[in-house]
Number of protein chains: 2
Amino acid sequence: MTTALVDNGVNVEALLGAREAFADAPEIAQFQWRSTVSWVGGTHSRGEVQTFHGFGDEQTHRSRFAFDIDHPLQFAAQDNGITPVEYVLVALGGCLTAGIAAVAQQRGIQLRSVQASVSAEMDLHGILGADPDVRNGFSSVRVDYRIDADATPAEIEALVAQSQKRSAVYDILTNPTAVTVTVS
Amino acid sequence: MTTALVDNGVNVEALLGAREAFADAPEIAQFQWRSTVSWVGGTHSRGEVQTFHGFGDEQTHRSRFAFDIDHPLQFAAQDNGITPVEYVLVALGGCLTAGIAAVAQQRGIQLRSVQASVSAEMDLHGILGADPDVRNGFSSVRVDYRIDADATPAEIEALVAQSQKRSAVYDILTNPTAVTVTVS
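Parameters at a glance
Residues numbered from 1 in each chain as written. Chains lettered and ligands numbered in written order. Predicted model: local features only at pLDDT ≥ 70, side-chain atom pairs only at ≥ 80, totals over all residues. Heavy atoms only, no water. Helix = DSSP H or I, 4+ residues; strand = E, 2+ residues; numbered from the N terminus. Buried < 20%, exposed > 50% of the residue type's maximum accessible area, 1.4 Å probe, protein only. Contact = heavy atoms within 4.5 Å. Areas by Shrake-Rupley, 256 points an atom, 1.4 Å probe, with all protein chains shown as cover. Lys, Arg positive; Asp, Glu negative; His and termini not counted. Charge placed at Lys NZ, Arg CZ, Asp CG, Glu CD. pLDDT = per-residue confidence, 0-100. Least-squares fit on C-alpha atoms with pLDDT ≥ 70 in both. Expected span 1.5 Å × (residues − 1). Buried area = accessible area lost by both parts, 1.4 Å probe. Salt bridge = Lys/Arg side-chain N within 4 Å of Asp/Glu carboxyl O. Polar contact = N/O pair within 3.5 Å; in protein donor to acceptor, adjacent residues only side chain to side chain. Pairing = 2+ DSSP bridges. Phe/Tyr/Trp six-rings, centres within 6.5 Å; stacked < 30°, edge-to-face > 60°. Axes fitted to C-alpha atoms, helices over the stretch in contact; angles between N-to-C directions.

### Observations regarding the overall build of chain A
Line of reasoning, step 1. A tally of helices and strands in chain A yields four helices and six strands.
Line of reasoning, step 2. Across the 184 residues that make up chain A, the buried fraction comes to 54%.
Line of reasoning, step 3. Sequence-distant contacts in chain A: of pairs separated by 6 or more residues, those separated by 24 or more amount to 51%.
Line of reasoning, step 4. Counting every atom, chain A has about 7500 Å² of accessible surface; 50% of that belongs to carbon and sulfur.
Line of reasoning, step 5. A gap of 3 Å separates the mean positions of the 12 positive and 22 negative side-chain charges of chain A.

As structure tokens, then:
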């Protein structure tokens, strides 16, 4: 083990500390994540993210983050931001990549570079209501990693597999979640 | 019907035109959405989105969009961007809101303001591997709309319901999708 010499920038001790704290007070592990999305015009909206709840208290990000969401010019829209489905791909790649860095740190593997090519197939007959047998969402998603690290190919494969096993967004895509939509 | 006087900024004719074009050439409805996500350091990565495939050809956004993804300070990270799971909420709110604008346009309903409060519950025992019975992803998601429009409450409810029925991201969350992760 060369853990002491490895620095992927992830504070694994803090994460393990959180896990121990959760054992003593399981309620502090109950998180709520939030976004407020406001319509700008046409298919353009803006999503803002600033607060969340966790560790038993209200929490706030360092700043208010804002994101433009739109449809492309090819759909007679303004392309003021990426599409909703592309945000899902950013989320998936970001989640798996953070996991790879954390697992590598824990296993004493120094990373040099990690890049994910994320792609998703979608048949637009679904969202346009042109074929009731076609789903609205992705028919499939692929993530392909190129990783340069002080590790064997088998160790790198195992890193990616472990990240996948613990990934929130991978779970969100591969398993169903109840979503309630209301008007107040 | 007062459709001619209603302007929500959505070109419904173009969308209906696309649907007709798909009937003649179904293969042009096969889309591929993409993102390249690169590790920056720690849990910080950057997702870029520029190209996609659809309408039978390679397509490109007006510009290259880039997004920082990170974990918050409260997880001993740098908070250089929102978390992956928050990106999923931005995606969901953006998708449903664009749908509301499009359906309102088609139904001749003038929107004045639309705001979605999106929230998701998550038990961190999952991603920290502290309890194998807890999933990594959201336990539930809620979207609550406040909408000001030239319509009755029942018409507004129906708008939201129709958007939900045709939403790609709502489908992605509520139904499972196959995700393949590889290392090349």
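Read on for the rest.
### Section: the confidence of the model for chain A
Line of reasoning, step 1. Residues with a pLDDT of 70 or more make up 98% of chain A, whose mean pLDDT is 95.
Line of reasoning, step 2. The ipTM for the predicted assembly is 0.96, set against a pTM of 0.96.

### Description of the environment of D144 of chain B
Line of reasoning, step 1. Topologically, D144 of chain B is positioned in strand β5 (residues 140–149).
Line of reasoning, step 2. Leaving out residues up to four positions away in the same chain, D144 of chain B has contacts with T182, V183 and S184 of chain A together with Q115, A116 and S117 of chain B.

### Some details on the relation of the copies chain B and chain A
Each of the two chain copies can be generated from the other by rotation about an axis followed by a shift along it.
Line of reasoning, step 1. Each copy superposes on the other: chain B lies on chain A with an RMSD of 0.0 Å after a rotation of 180° and an axial shift of 0.0 Å. This pairing of chains is accounted for by a two-fold axis.
Line of reasoning, step 2. Of the interface residues in chain B, 100% have counterparts in chain A that sit at the interface too, so the contact is made through matching surfaces.

### What about helix α1 (residues 12–24) of chain B?
Note that an α-helix has 3.6 residues per turn; residues three or four places apart therefore point the same way.
Line of reasoning, step 1. An ideal rise of 1.5 Å per residue puts 18 Å on 13 residues; α1 of chain B measures up with 19 Å between its terminal C-alpha atoms.
Line of reasoning, step 2. Those residues of α1 of chain B that are buried are in contact with α2 (84–106) of chain B.

### As for the interface of chain B and chain A
Line of reasoning, step 1. The interface is formed by 118 residues belonging to chain B together with 118 residues belonging to chain A.
Line of reasoning, step 2. For the pair chain B and chain A, the summed buried surface comes to about 10800 Å²; carbon and sulfur atoms form 61% of the total.
Line of reasoning, step 3. Close ionic contact of R135 of chain B with D171 of chain A constitutes a salt bridge, the shortest N to O distance being 2.8 Å.
Line of reasoning, step 4. Remark: the boundary between chain B and chain A carries 74 residue pairs in polar contact (both at pLDDT 80 or more).
Line of reasoning, step 5. Top contributing element to the side of chain B that touches chain A by residue count: α2 of chain B, with 16 residues.
Line of reasoning, step 6. Taken together, the nine bridges between strand β1 (residues 30–41) of chain A and strand β4 (residues 111–123) of chain B define a ladder with antiparallel strand orientation. Bridge pairing in β4 of chain B links S38 of chain A to Q115 of chain B.

### Let's talk about the packing of aromatic side chains
Line of reasoning, step 1. Scanning the entire structure with this criterion turns up 20 aromatic pairs over all chains.
Line of reasoning, step 2. An angle of 50° between the planes, with centres 5.6 Å apart, marks the rings of F31 of chain A and F75 of chain B as tilted. Within this pair, whereas F31 of chain A is found in strand β1, its partner F75 of chain B is found in the loop between β3 (57–69) and α2, the two belonging to separate chains. Each member of the pair, F31 of chain A as well as F75 of chain B, carries the same accessibility label: buried.
Line of reasoning, step 3. The interplanar angle of 80° and the centroid separation of 5.1 Å between the aromatic rings of F31 of chain B and F55 of chain B together place this pair among those described as edge-to-face. Of this pair, F31 of chain B sits in strand β1 (residues 30–41) while F55 of chain B sits in the loop between β2 (44–54) and β3, and the two are 24 residues apart along the sequence.
Line of reasoning, step 4. Its relative accessible area of 1% is what places F31 of chain B among the buried residues.

### Here we look at the sheet that holds strand β6 (residues 179–183) of chain B
Line of reasoning, step 1. One open sheet holds the six strands; their spatial order is β3(B)-β2(B)-β1(B)-β4(A)-β5(A)-β6(B), and the pairing between them is mixed. Single-partner strands in this sheet number two, and they are β3 and β6 of chain B. Mean inter-strand twist for the sheet, computed between neighbouring axes without regard to direction, equals 15°.
Line of reasoning, step 2. Note that β1 of chain B and β2 of chain B share seven bridges and pair antiparallel. Each bridged residue has a counterpart across the sheet, and for V37 of chain B the counterpart in β2 of chain B is G47 of chain B.
Line of reasoning, step 3. Relative to β6 of chain B, helix α3 (residues 153–165) of chain A is tilted by about 155°, and along the sheet it contacts β4 (111–123) and β5 (140–149) of chain A together with β6 of chain B.

### Here's the deal with the pairing of β3 of chain B
All names here are of chain B.
Line of reasoning, step 1. Pairing between β2 and β3: nine bridges, direction antiparallel. The partner of T51 across the bridge, within β3, is T60.
Line of reasoning, step 2. In this antiparallel pair of consecutive strands, β2 and β3, the connection spans two residues, and F55 shows a positive phi of 55°.

### Comments concerning the sheet that holds β5 of chain B
Line of reasoning, step 1. Strand order in the open sheet made by the six strands is β3(A)-β2(A)-β1(A)-β4(B)-β5(B)-β6(A), with mixed pairing throughout. The sheet terminates laterally at β3 (57–69) and β6 (179–183) of chain A, the two strands that pair on one side only. Within this sheet the neighbouring strands show an average axis-to-axis angle of 15°, counted without direction.
Line of reasoning, step 2. With respect to the sheet, helix α3 (residues 153–166) of chain B is in contact with β6 of chain A together with β4 and β5 of chain B, its orientation differing from that of β6 of chain A by roughly 155°.

### Some remarks on the pairing of β4 of chain B
Line of reasoning, step 1. One ladder, built from ten bridges, connects β4 of chain B with β5 of chain B; its direction is antiparallel. Note on β5 of chain B: the bridge partner recorded for S113 of chain B is D148 of chain B.

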